[in-house]
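The lines below spell out each chain.
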Amino acid sequence: MIARALFVIVLCLGTVIASQAQETAPAAEAAPSVVGATSEVWVTTQDFVSFRAGPGTNFERLRVLDPDLTLPAVGRSADGEWVQLEVDGQRGWVNYLLLVWSGDLVQLPIDGLDPDPFVRVFQNQVFVPAGTPLFFRQVTPQDFCCYAPTSTYAEITGHLGDGLYYWVQLNFEGQVYWTGSWALGLRGLGRNSFDTSYLYGYSRIAQQLERDTNASFNRLNDIAAIWGRLSGGQSVSCGFVPRYVEASRALDADAASYPVFEPLVRTLRSANDHINRAIALFADACSRPPDQFFIAESEVVSAFAEIELAGRDLVLVTALIDPLDQRDPINEILNGTNR
């Protein structure tokens, strides 16, 4: 998910050239000064993170940034997975999963400020008919910018919501605007379109919690399969010992601002503790001398007890995520503009 390595469109000194001829983007009013004001967007690293020359793991690593470092953000990738930062006067890119932030990150310049030359694909293009209403930050009357004076193609750089009616973010020559899916005649989300709900604290926690829960389920299945084979008298290779699992530090940082999620985060931590104990029992057995290379029945019983408790915790978290998703404040915002 992090790397997009298939590049087919020329980008020279930060200017994207589309794979098909496009009409000139509509002349729109300049956004208020706050839009794209990079000094108002700050990010804090949640771990040791790679600071790269471009938005992808294939770019050179310029340095490694320390945890808990707060820095100004100056740009983002079109898919929202990379954020351009300034560190000691040097610009570089960090993956968004390792950051928490304040400010309107989604309004930052697409592809960043003065990036080193690189090429990328326009993942989503849409036909924008003349007269399409354009908005600065959200599809509300107070944020209305203008109408598209001519028909043109534009890149979709984000969406908010899903279903039949949702908001769409468009990139017109480096400036981003919003409009409604209904204004573009869209009836489905574009491929790889950036879900900007992640930029809202409540939605970000819900999505990260779901990802971490799925990762914990996968690790639980791995260690449960190992102990299942051992309990059946089969030999198991020590060439694969599952990695220990933990919730993301970004989730812990975000959840502190939304107490409603605290019981779920606490339960997920409990599940991870049980999973890690079951993994530790297997890792311990694999580290023994050859003459003690066996599993006692009591160890099997202990491992399955940990696995059972972890499963109960994860089922509880899964059952509670959906009701909290339905209470997402974004749903109320979108319901006010859907038509």
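Residues numbered from 1 in each chain as written. Predicted model: local features only at pLDDT ≥ 70, side-chain atom pairs only at ≥ 80, totals over all residues. Heavy atoms only, no water.

**Some points on the pairing of strand β7 (residues 82–87)**
Burial analysis of β7 places 5 of its 6 residues in the buried class, which makes it a mostly covered element. Counting the residues in the hairpin turn of strand β6 (residues 70–76) and β7 gives 5 residues, including G80, whose phi is positive at 75°. Bridge count between β7 and strand β8 (residues 90–95): 6 bridges; the pairing is antiparallel. Along β8, the bridge assignment pairs L85 with G92. Counted along the chain from β7 to the antiparallel partner β8, the turn is 2 residues long, and its residue D88 has a positive phi close to 50°. (Buried < 20%, exposed > 50% of the residue type's maximum accessible area, 1.4 Å probe, protein only. Helix = DSSP H or I, 4+ residues; strand = E, 2+ residues; numbered from the N terminus. Pairing = 2+ DSSP bridges.)

**So, the packing of helix α2 (residues 201–231) against helix α5 (residues 297–326)**
With their axes 10 Å apart at the nearest point, α2 and α5 run at an angle of 155° to one another. As far as their axial angle goes, α5 and α2 are roughly antiparallel. The chirality of how α2 crosses α5 is left-handed. For the contact of α2 with α5, the class distribution of residues is 18 nonpolar, 6 polar and 3 charged. (Axes fitted to C-alpha atoms, helices over the stretch in contact; angles between N-to-C directions. Parallel < 35°, antiparallel > 145°, perpendicular 65-115°, else oblique. Left-handed = near helix turned anticlockwise from the far one by under 90°. Nonpolar A, V, L, I, M, F, W, Y, C, P; charged D, E, K, R; others polar.)

**Regarding the side chain of R219**
Within the fold, R219 resides in helix α2. Buried and unpaired, R219 has no salt bridge, with D222 as the nearest side chain of opposite charge at 4.4 Å. Residues in contact with R219, not counting those within four places in the same chain, are P242, R243, Y244, V245, I275 and I279. (Lys, Arg positive; Asp, Glu negative; His and termini not counted. Salt bridge = Lys/Arg side-chain N within 4 Å of Asp/Glu carboxyl O. Contact = heavy atoms within 4.5 Å.)

**A short note on the packing of aromatic side chains**
In total, this model carries 8 aromatic pairs according to the counting rule given. The interplanar angle of 35° and the centroid separation of 6.2 Å between the aromatic rings of F136 and Y177 together place this pair among those described as tilted. Placement of F136 in the loop between β11 (133–135) and β12 (144–147) and of Y177 in strand β15 (residues 175–180) is noted, with a sequence separation of 41 residues between them. Ring plane angle 65° and centroid distance 4.9 Å describe the contact between Y202 and F261, whose orientation is recorded as edge-to-face. Of this pair, Y202 sits in helix α2 while F261 sits in the loop between α3 (249–255) and α4 (262–286), and the two are 59 residues apart along the sequence. Neither Y202 nor F261 differs from the other in exposure class; each is buried. (Phe/Tyr/Trp six-rings, centres within 6.5 Å; stacked < 30°, edge-to-face > 60°.)

**Things to note about the nonpolar core**
By size, the foremost hydrophobic cluster in this structure holds 32 residues, and its most contacted members are L209, I223, W227 and F282. Counting only elements with at least two residues in this core, the list comes to α2, α3, α4 and α5. Sequence-distant contacts of I223, defined by excluding residues within four places in its chain, comprise P242, A278, I279, F282 and I307. (Core = buried A, V, L, I, M, F, W, Y, C linked by side-chain atoms within 4.5 Å.)

**Some details on the confidence of the model for the chain**
Residue-level pLDDT values for the chain average 80, and 83% of them are 70 or greater. Predicted confidence for residues 1–39 stays below pLDDT 50, and this span has 84 contacts to residues more than four positions away or in other chains. (pLDDT = per-residue confidence, 0-100.)

**Things to note about the pattern of salt bridges**
Within the structure shown, the criterion is met by 9 salt bridges. For the salt bridge of D143 with R137, the shortest nitrogen-to-oxygen distance reads 3.4 Å. A residue is classified by how much of its surface remains accessible, and D143, at 9% relative accessible area, is buried. For R312, the salt bridge identified is with E308, shortest N-O distance 2.7 Å. Remark: E308 and R312 occur in helix α5; sequence separation between them is 4 residues, near one turn of the helix. Bridged by salt links that share partners, the residues E86, R91 and D114 form one connected network.

**Examining the state of the cysteines**
Going through the model one piece at a time under the given rule, you end up with 1 disulfide. Note on cysteine connectivity: C238 is disulfide-linked to C286, with sulfurs 2.1 Å apart. Across the S-S bond linking C238 and C286, the dihedral sits near -85°, which makes this disulfide left-handed. With C238 in the loop between α2 and α3 and C286 in helix α4, this pair connects stretches of sequence that are 48 residues apart. For C238, a relative accessible area of 29% corresponds to the partly exposed category. (Disulfide = S-S within 2.5 Å.)

**Digging into the packing of α2 against α4**
Contact pair α2 / α4: the axes reach a minimum separation of 10 Å and the direction vectors enclose 25°. The orientation of α2 with respect to α4, classified from their angle, is roughly parallel. Our pair here, α2 against α4, has a crossing hand that is left-handed. Every residue of α4 that contacts α2 at L209, D212, T213, S216, R219, L220, I223, I226, W227 and L230 is listed here: L264, V265, L268, N272, I275, A278, I279, L281 and F282. For the contact of α2 with α4, the per-class residue count stands at 14 nonpolar, 3 polar and 2 charged.

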